[in-house]
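# Results of the structural survey
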Amino acid sequence: MWLWAAMIVIVGALLIRFIFVGPKVVPAEFSAARTEGTRLTEEIVFLANASRAGLEDIARYDAEKNTSEALIATSRELIRNKDVRERAVNLSVELGRMAQALPSIRPGSARQIASEAIGYEVALVSRLISYNDVLNQLFELLRLKFTGAVTETDGKVRALVADINAGANAANDLNKAFIEAMDRF
């Protein structure tokens, strides 16, 4: 008796799933863009963390009055910052591919979660671009300081570093929200 009842419940659940909801459909374009977007995001996070470490090196060289090493480290960070910006642009392309594939995702609840995740990642790209602009301002200011073109920078440097730290925290939060949404997906 219990066996029949369990079988009826299972068959009923399967019928509801396939008749009313349908199987989960995720287009290959979406999956490929998601994979590439995840790779780019990981690279961006790695490079951003390396830039934070680079800032520590620059601060140490500055404290040691080792201007030549500070200038070299600053130049390295300007190049790294350009790389991050390029990856952020590439990530936005992948997000566009994901967004174009959204209408093909079934069921609607999966499409909604994917849309939410894309929204987080779009906000992350926007935040990264802003973060990189501030980081670039900081590195340019430091470059000017180390070349002797500017002498008083402490207040401006502190303000830019605070803005960078806030941006990094916000970017990490958005990336975490994206990962959580994709896990639900």
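Criteria and thresholds
- Residue numbers run consecutively from 1 along every chain, following the written order of its sequence.
- For this predicted model, a pLDDT threshold of at least 70 governs which residues receive local features, and a threshold of 80 or more governs which side-chain atom pairs are given and counted, while totals over whole chains, interfaces and linings are taken from all residues.
- Side-chain metrics rest on all non-hydrogen atoms present in the structure, leaving aside hydrogens and water.
- What is meant by a nonpolar core is a set of buried Ala, Val, Leu, Ile, Met, Phe, Trp, Tyr and Cys residues, joined one to another through side-chain atoms within 4.5 Å.
- Only protein chains enter the accessibility calculation, which uses a 1.4 Å probe; a residue whose area is less than 20% of its type maximum is buried, one above 50% is exposed, and one in between is partly exposed.
- Under the DSSP-based scheme used, a helix requires at least four consecutive residues in state H or I and a strand at least two consecutive residues in state E, with every element numbered from the N terminus.
- In this analysis, two residues are considered to be in contact whenever any of their non-hydrogen atoms come within 4.5 Å of each other.
- One less than the number of residues in a helix, times 1.5 Å, gives the span that helix is expected to have.
- Throughout this description, the term salt bridge denotes a Lys or Arg side-chain nitrogen within 4 Å of a carboxyl oxygen of Asp or Glu.
- Helix axes are fitted only over the stretch in contact, all axes being lines through C-alpha atoms; the angle between N-to-C directions runs from 0 to 180 degrees.
- Oblique is the label for every angle not falling under 35 degrees (roughly parallel), over 145 degrees (roughly antiparallel), or within 65 to 115 degrees (roughly perpendicular).
- Left-handed describes a crossing in which the near helix is turned anticlockwise from the far one by less than a right angle; the clockwise case is right-handed.
- A score from 0 to 100, pLDDT tells how confident the predictor is in each residue.

## Points about the nonpolar core
- By size, the foremost hydrophobic cluster in this structure holds 27 residues, and its most contacted members are Phe 30, Ile 105 and Phe 185.
- Within the residue set of this core, elements represented by two or more residues are helix 2 (28-63), helix 3 (67-101), helix 4 (108-147) and helix 5 (154-184).
- The element best represented in this core is helix 4, accounting for eight residues.
- Beyond its immediate sequence surroundings of up to four residues, Phe 30 is in contact with Met 98, Ala 101, Leu 102, Ile 105, Ala 114, Ile 118, Met 182 and Phe 185.
- Tyr 61, Ala 73, Phe 139 and Leu 141 belong to the second-largest nonpolar core, a separate cluster that totals 19 residues.

## Quick notes on helix 4
- A rise of 1.5 Å per residue sets the reference length of helix 4, with its 40 residues, at 58 Å; its end C-alpha atoms lie 58 Å apart and thus fit the reference within 8%.
- With its phi angle positive at about 90°, Gly 148 sits one or two positions after the end of helix 4.

## With respect to unusual backbone geometry
- Residue Pro 107 is reached from Arg 106 by a cis peptide bond, and omega for that bond is -5°.
- Within the secondary structure, Pro 107 is located in the loop between helix 3 and helix 4.
- Here Lys 65, not a glycine, exhibits a phi torsion of approximately 60°, which is positive.
- Accessibility expressed as a relative area gives 70% for Lys 65, which makes it exposed.

## Side note on the pattern of salt bridges
- The tally for this structure, following the rule as stated, stands at 11 salt bridges.
- Note that Asp 62 and Lys 145 form a salt bridge whose closest N and O atoms lie 2.6 Å from each other. Linking Asp 62 in helix 2 with Lys 145 in helix 4, this pair joins segments that are 83 residues apart in sequence.
- Since its relative accessible area comes to 22%, Asp 62 is described here as partly exposed.
- Members of the salt-bridge network, linked through shared partners, are Glu 36, Arg 39, Glu 43 and Arg 87.

## Regarding the packing of helix 2 against helix 4
- The interhelical angle for the contact between helix 2 and helix 4, taken along N-to-C directions, is 25°, at an axis separation of 11 Å. Relative to helix 4, the element helix 2 is oriented roughly parallel. For the pair helix 2 and helix 4, the crossing hand works out as left-handed. Residues Phe 30, Thr 41, Ile 44, Ala 48, Ser 51, Arg 52, Leu 55, Ile 58 and Asp 62 of helix 2 form the contact with helix 4, whose own contacting residues are Ala 114, Ile 118, Glu 121, Leu 124, Leu 128, Tyr 131, Leu 135, Leu 138, Phe 139, Leu 142, Lys 145 and Phe 146.

## Side note on the confidence of the model for the protein
- Of the residues in the protein, 88% have a pLDDT of 70 or more, and the chain-wide mean is 83.
- Averaged over each element, pLDDT in the protein is lowest for helix 1 (residues 2-21) (49) and highest for helix 3 (91).

## Section: the environment of Phe 178
- Here Phe 178 shows up in helix 5.
- For Phe 178, a relative accessible area of 6% translates into the label buried.
- Sequence separation of Phe 178 and Val 122 is 56 residues, and the distance between their C-alpha atoms is 9.7 Å.

## A word on the environment of Leu 141
- Examined against the element boundaries, Leu 141 turns out to sit in helix 4.
- Exposure remark for Leu 141: the relative accessible area of 13% places this residue in the buried category.
- With 15 residues separating them in the primary sequence, Leu 141 and Lys 156 have C-alpha atoms 8.6 Å apart.

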